[in-house]
Amino acid sequence: MRTWREMRGFPLAVRLLLVNQLGVNTGFYLLIPYLAIHLGENLGMSAAVVGIVLGVRNLSQQGLFIIGGSAADRLGARGVIIAGCALRTVGFALFALGDGLPVLLAASVLSGLAGALFNPAVRAYLAQEAGERRAEAFALFNVFATTGALVGPLLGSALLLVDFRTSALTAAGIFAVLTVAQAVVLPARKVDPRGSGVLGDWREVLGNRAFLAFSLAMVGMFTLENQLYLLLPDGAREATGWDGAAGIVFLVGTVANLAFQLRITGYLKSRHDRARWIAVGLAVMALAFLPPVLAPGAVPVLASALLLYLGIMIASPFVMELIPRFGRPELTGTYFGIFYVVSGIAAAVGNTVVGWAMDAGDSAGRAWLPWVCCAVFGAASAGGVAWLRRRGALPAPAEPLREKADA
């Protein structure tokens, strides 16, 4: 009930964006986790071709976040959000209607480009609309996103009992509804013309050394978040011998998020500066990977999942709150876009390292290796943020946004 009370305290635009994120994650996770199975088993494609289709989608999204962020700044976040949802509607519909490789590649490009457009634009719009209540807004954003990430796979597995085409059309339908809702309800905001071009915007953001240092320090956060889909499900299956154990991890995390996210953010917001809590959250995420090292079994894996979700709940809202404060309000979308380009590269490299550690651990009989690897990632990120905080390189929430443009 607290979630709904907090939600009613925000403007209509923020409430719509929260529901939008629930729909976005529901539609995404309804389809994407099952796409590889469809391509390989239903269409008979080789593993290499499946990898190409999935890689094109990921590259189209992660590599183009900067385009979406700049478009939000230059054209207005509302239009970019609507365009992104519309493109994903088309992309997911193509997955349902096309079986040939050219059509599937087009679907991958469109669905990836869609994410590159609306992800930074939604966060930029939310940051601007929430004002000084950004931390609470992004805490609610996490609650709705996590719920969608749970509902989506459950709905997708049920729809697959019919066929993949039904799943894909349902996902496309969700994004079509979101597109219409945003076009009708989401208020437009005037964008003031600026003299400098897009390249000038990029140079300004990339020249902000404090921001780049912070983005690199957050590598551990995104690498460890991705272990909710790699190492933790694998650990749960290994510990229980049951393929469905991964679903329990998500269920427990979603319940914890619904119960504690707003309480945690509200409690921490007024106690010390936000950068300290980002470092603490990252440290908790690092500690999350130690229980399976200390003892085998399902309970340590479950404890690991709970600690990981706790660390994310501590750090993530304050990370999202901090990003726009590094520069001018007019470049909020660009800052989010570049931040997510860095995070996408980090997640790819980090997952590769963790995957290597999983294989090496299995072959050498050292099951602890990937867990220790993740703990090191988290500890390094926590140390990096703490170091930046001690140097005074991170903006404080109470400071005017323009004062940190040259940080």
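Residues numbered from 1 in each chain as written. Predicted model: local features only at pLDDT ≥ 70, side-chain atom pairs only at ≥ 80, totals over all residues. Heavy atoms only, no water.

Caption draft 1: Structural view of the overall build of the chain. The secondary structure content of the chain amounts to 19 helices and 0 strands. Overall, the chain is about 55 × 50 × 40 Å in size when its C-alpha atoms are taken along their principal axes. A total of 407 residues make up the chain; the buried ones form 53% of that total. If you sum the accessible surface of the chain, you get close to 16700 Å²; carbon and sulfur atoms cover 67% of it. Distance between charge centres in the chain, computed from 31 positive and 23 negative side chains, equals 8 Å. (Helix = DSSP H or I, 4+ residues; strand = E, 2+ residues; numbered from the N terminus. Buried < 20%, exposed > 50% of the residue type's maximum accessible area, 1.4 Å probe, protein only. Areas by Shrake-Rupley, 256 points an atom, 1.4 Å probe, with all protein chains shown as cover. Lys, Arg positive; Asp, Glu negative; His and termini not counted. Charge placed at Lys NZ, Arg CZ, Asp CG, Glu CD.)

Caption draft 2: Region of the structure containing helix α5 (residues 65-75). When you tally the buried positions in α5, you get 8 out of 11 residues, the bulk of the element. Within α5 the residues assigned to the buried category are Phe 65, Ile 66, Gly 68, Gly 69, Ser 70, Ala 71, Ala 72 and Asp 73. For α5, the secondary structure elements touched by its buried residues are α4 (47-62), α6 (77-97), α7 (101-130), α10 (198-206) and α18 (332-364). Two residues or fewer past α5, Gly 76 is found with a positive phi of approximately 105°. (Contact = heavy atoms within 4.5 Å.)

Caption draft 3: Seen up close, the pattern of salt bridges. Going through the model one piece at a time under the given rule, you end up with 9 salt bridges. The closest approach of N and O atoms between Glu 330 and Arg 328, which form a salt bridge, is 3.7 Å. Among the residues examined, Glu 330 registers a relative accessible area of 26% and is labelled partly exposed. Put simply, Glu 204, Arg 328 and Glu 330 are held in one network by salt bridges that share partners. (Salt bridge = Lys/Arg side-chain N within 4 Å of Asp/Glu carboxyl O.)

Caption draft 4: Inspection of the packing of helix α14 (residues 245-269) against helix α17 (residues 298-322) at higher detail. Contact geometry for α14 and α17: axes closest at 9 Å, N-to-C directions at 40°. Relative to α17, the crossing made by α14 is right-handed. Each of Val 249, Phe 250, Val 252, Gly 253, Ala 256, Asn 257, Phe 260, Gln 261, Ile 264, Thr 265, Leu 268 and Lys 269 in α14 lies in contact with α17, whose residues at this interface are Leu 302, Ala 305, Leu 306, Tyr 309, Leu 310, Met 313, Ile 314, Pro 317 and Phe 318. (Axes fitted to C-alpha atoms, helices over the stretch in contact; angles between N-to-C directions. Left-handed = near helix turned anticlockwise from the far one by under 90°.)

Caption draft 5: Up close: the side chain of Asp 73. Among the structural elements, Asp 73 can be located in helix α5. Within the local environment of Asp 73, its side chain forms a polar contact with the side chain of Thr 334, the two groups lying 2.5 Å apart. (Polar contact = N/O pair within 3.5 Å; in protein donor to acceptor, adjacent residues only side chain to side chain.)

Caption draft 6: Layout of the environment of Pro 329. As for its position among the elements, Pro 329 is in the loop between α17 and α18. For the pair Pro 329 and Gln 128, spaced 201 residues apart in sequence, the C-alpha to C-alpha distance is 8.0 Å.

Caption draft 7: Region of the structure containing the environment of Ile 81. Mapped onto the secondary structure, Ile 81 falls in helix α6. For the pair Ile 81 and Gly 244, spaced 163 residues apart in sequence, the C-alpha to C-alpha distance is 35 Å. Not counting residues within four places of it along the chain, the set of residues in contact with Ile 81 comprises Leu 17, Phe 118, Ala 121, Val 122, Tyr 125, Gln 182 and Leu 186.

Caption draft 8: Structural context of the packing of aromatic side chains. Per the counting criterion, the structure on display carries 15 aromatic pairs. Residues Phe 138 and Phe 141 carry aromatic rings whose centres are separated by 6.2 Å and whose planes lie at 75° to one another, so their mutual orientation is edge-to-face. Of this pair, Phe 138 and Phe 141 both sit in helix α8 (residues 134-159), 3 residues apart, roughly one helical turn. Residue classification places Phe 138 among the buried positions, given a relative accessible area of 1%. Judged by relative accessible area, which is 3%, Phe 141 ranks as buried. Note on Phe 222 and Phe 339: the rings are 5.5 Å apart at their centroids and 65° apart in plane angle, and the pair reads as edge-to-face. Taken together, the positions of Phe 222 in helix α12 (residues 219-225) and Phe 339 in helix α18 put the pair 117 residues apart, joining distant regions of the chain. Overall, the relative accessible area of 10% leaves Phe 222 in the buried class. Chaining the aromatic ring pairs together yields one cluster made of Phe 65, Phe 211, Phe 214, Phe 222, Phe 326, Tyr 335, Phe 339 and Tyr 340. The ring of Phe 10 carries the charged tip of Arg 133 above its face, separated from the ring centre by 4.1 Å. Over the ring of Tyr 267 we find Arg 271; its NZ or CZ atom is 3.8 Å from the centre of that ring. (Phe/Tyr/Trp six-rings, centres within 6.5 Å; stacked < 30°, edge-to-face > 60°. Lys NZ or Arg CZ within 6 Å of the ring centre and 35° of its normal.)

Caption draft 9: Expanded view of the nonpolar core. Of all hydrophobic cores here, the largest spans 120 residues; its most connected members are Phe 214, Met 218 and Phe 339. Ranked by the residues each element gives to this core, the list is headed by α7, at 13 residues. Among residues more than four places away in sequence, those in contact with Phe 214 are Ile 278, Val 319, Leu 322, Ile 323, Phe 326, Phe 339, Val 385, Leu 388 and Leu 394. (Core = buried A, V, L, I, M, F, W, Y, C linked by side-chain atoms within 4.5 Å.)

Caption draft 10: Quick peek at the packing of helix α2 (residues 12-31) against α6. Taken N-terminus to C-terminus, the directions of α2 and α6 make an angle of 20°; their axes are 12 Å apart at the nearest point. The angle between α2 and α6 places the two elements in the roughly parallel class. For the element pair α2 and α6, the recorded crossing hand is left-handed. Touching Leu 17, Asn 20, Gly 27, Phe 28 and Leu 31 of α2 are Ile 81, Cys 85, Arg 88, Phe 92 and Phe 95, all from α6. Residue composition of the contact of α2 with α6, by class: 7 nonpolar, 2 polar and 1 charged. (Parallel < 35°, antiparallel > 145°, perpendicular 65-115°, else oblique. Nonpolar A, V, L, I, M, F, W, Y, C, P; charged D, E, K, R; others polar.)

Caption draft 11: Structural context of helix α11 (residues 209-217). Looking only at α11, the buried set comprises Ala 210, Phe 211, Phe 214, Ser 215 and Ala 217. One side of α11 carries all its buried residues, which in axial view fall inside an arc of 160°. Within α11, the exposed residues directed more than 90 degrees away from the buried face are Arg 209 and Leu 216. Contacts from the buried residues of α11 go to α10, α12, α15 (274-287), α17, α18 and α19 (369-390). (Arc of directions from axis to C-beta.)

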